[in-house]
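Listed below are the residues making up each chain.
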Amino acid sequence: MNPGRRLSLIVACALFIENMDSTAIATSLPAIAADLGTEPIALKLALTAYLLSLAVFIPVSGWVADRFGARSTFMGAIAVFLLGSLACAASSSLEQLVAARFVQGMGGALMVPVGRLVLLRTVPKNELVQALSWLTIPALVAPMIGPPLGGLISTYGDWRWIFLINIPMGILGIFLARRYIPDLREAVPPLDWRGFALSGLGLALALFGFSTLGRHMVSTSLAVSCLVLGVAAMAGYVWHARVHPHPLIDLNLFRHHTFRAGVLGGALFRIGIGATPFLLPLMLQLGFGLTALQSGLLTFASAMGAIFMKTMAASVLKRFGFRRVLWVNALLASAMLAAFGLFTAQTPHAVIIAVLVVSGCFRSLQFTSLNAISYAEVESPKMGQASSLSGMAQQFSLALGVAIGGYGLQLAGEITGTAYTDAGNFSWAFLLVGLVSAASAWVMFRLPANAGHEMAGRAEAGQEVAEPKAAQRPGT
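Residues numbered from 1 in each chain as written. Predicted model: local features only at pLDDT ≥ 70, side-chain atom pairs only at ≥ 80, totals over all residues. Heavy atoms only, no water.

Draft legend 1. Quick peek at the overall build of the chain. Secondary structure summary: the chain contains 21 helices and zero strands in total. The buried share of the chain, taken over its 476 residues, is 53%. Surface accessibility of the chain: about 20300 Å² in total, with carbon and sulfur atoms responsible for 66%. (Helix = DSSP H or I, 4+ residues; strand = E, 2+ residues; numbered from the N terminus. Buried < 20%, exposed > 50% of the residue type's maximum accessible area, 1.4 Å probe, protein only. Areas by Shrake-Rupley, 256 points an atom, 1.4 Å probe, with all protein chains shown as cover.)

Draft legend 2. Examining the packing of aromatic side chains more closely. Scanning the model with the defined rule gives 12 aromatic pairs in all. Through pairs of rings, three or more aromatic residues link up here, namely Phe-57, Phe-102, Trp-193 and Phe-196. The aromatic ring of Tyr-407 is capped on one face by Lys-44, whose charged end is 3.9 Å from the ring centroid. (Phe/Tyr/Trp six-rings, centres within 6.5 Å; stacked < 30°, edge-to-face > 60°. Lys NZ or Arg CZ within 6 Å of the ring centre and 35° of its normal.)

Draft legend 3. Spatial organisation of the packing of helix 15 (residues 313-320) against helix 16 (residues 322-339). Here helix 15 crosses helix 16 at 110°, and the two axes come no closer than 7 Å. In terms of axis orientation, helix 15 runs roughly perpendicular to helix 16. Contacts between helix 15 and helix 16 involve Val-316, Leu-317 and Phe-320 from the first element and Phe-322, Arg-324 and Val-325 from the second. (Axes fitted to C-alpha atoms, helices over the stretch in contact; angles between N-to-C directions. Parallel < 35°, antiparallel > 145°, perpendicular 65-115°, else oblique. Contact = heavy atoms within 4.5 Å.)

Draft legend 4. Structural context of the nonpolar core. The biggest cluster of nonpolar side chains holds 119 residues, and the ones touching the most others in it are Leu-43, Phe-74, Leu-97, Phe-278, Leu-279 and Phe-430. No other element matches helix 12 (residues 257-287), which puts 13 residues into this core. Contact partners of Leu-97, with chain neighbours within four places excluded, come to Ile-32, Leu-36, Leu-43, Ala-46, Cys-88, Ser-91 and Phe-163. (Core = buried A, V, L, I, M, F, W, Y, C linked by side-chain atoms within 4.5 Å.)

Draft legend 5. Representation of the pattern of salt bridges. If you walk through the whole model with that rule in mind, you get three salt bridges. Here Arg-101 makes a salt bridge to Asp-21, at a shortest N to O gap of 2.8 Å. In this pair, Arg-101 is assigned in helix 6 (residues 94-122) and Asp-21 in helix 1 (residues 3-27), connecting sequence segments 80 residues apart. A relative accessible area of 1% places Arg-101 in the buried class. Beyond isolated ion pairs, a larger network of salt bridges with shared partners links Asp-35, Asp-158 and Arg-160. (Salt bridge = Lys/Arg side-chain N within 4 Å of Asp/Glu carboxyl O.)

Draft legend 6. Molecular detail of the side chain of Asn-425. Positionally, Asn-425 belongs in helix 19 (residues 423-438). Overall, Asn-425 belongs to the buried group, its relative accessible area being 1%. Polar side-chain contacts of Asn-425 include one of 3.0 Å to the side chain of Thr-418. The contacts of Asn-425, once residues within four sequence positions are left out, are Leu-409, Ala-412, Gly-413, Thr-416, Thr-418, Ala-419 and Tyr-420. (Polar contact = N/O pair within 3.5 Å; in protein donor to acceptor, adjacent residues only side chain to side chain.)

Draft legend 7. Region of interest: helix 5 (residues 70-89). Relative to the 28 Å expected for 20 residues at 1.5 Å per residue, helix 5 spans 29 Å between its end C-alpha atoms, a close match to the ideal helical length. Of the positions making up helix 5, those classed as buried are Ala-70, Thr-73, Phe-74, Met-75, Ala-77, Ile-78, Phe-81, Leu-82, Gly-84, Ser-85, Cys-88 and Ala-89. (Expected span 1.5 Å × (residues − 1).)

Below, the structure is given as structure tokens:
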């Protein structure tokens, strides 16, 4: 087998179990809540704990790989993920499950970034596109398999098997990594421990405090204290990064218009999208009375739309350009997200599937565009820093979306005087996250008209793509 393809498939083992695990558990939240004796809405902590762990540890993934070797780091990351999976399966309380999911996230934060780093450093450039395409296959297939599989297990078996099915493929990944992945190392500056402590502690405390304000696990006073301390720690990191010669996260990258729009605008958009895997299965199962399997057989339709759009994204960007696609598509995707709240128990399943497929198309186009435009102005030496910062922001915003979606559902229940699981309350929750997601359109609209033209293939060969500064929009 071609070495590049072989490496891609090995890394794909890790990406597959990570994506399938995340999509399967979302479908099984009501079953897990019933077994653990807690409210389904409290399980937002199990989703946010994993995403938060990714956000905290992704920035150090490159440094760890260079310091301890890519092969050892990759194998160790899979092992940590599998240990977290075993702990999830053995959990008998909400607190134990949240802690186990955080451990899982520690492994996930290192698995895929380190595997991608190995590909970038070992595969010849003329084979890199093909190698990366093999890597993305599980990222597209796993979200299709995860919801039906999670629903099947929850309906006819024990939800704990969702985590145990990771074990065989994870062990296979460790075996193949030991045999085929080179143990690459690079000279690295000392790790910015103070920056890691400030950023990691700030993110963890802020999101934990925000997520537990509904009095799940801890008191309101403790949740508020965590939130305040977390915000203070993140503010401390901003000051620290300005004076440290090698900060863990280089905030100067935000000086680039395209990076700022891709990360900050993308964060707003992902808040809405991040709430969907939490709200949609709850609505279908608790609001409409569907089984977990029936729910999974509906929600996987979004992944079908995403796969279809992958074949068209490049052509759309070349035809319309990044700026126009980003702000118009943000509004369309957000409108589709808010429209989920219009579903009722009587809505034909064919209509639900059609809406989810179209929504998946818009969402996939936005993600593809955001991931590309973020690096349009970033210099090659800063790519690693930019990738880490972007990845951290993505995971944090997805986790924040789950928390906001949960609060929207609770608030709607209090206003209407009904149980939060009442089907009508989901309409207000989806409207809330849809509005937050739509707010990203303003950030995209302020991009220069020629932003990313070269990446989109809209620049004429040999001609200047930049417009005169006087023609750029104010504030850009």
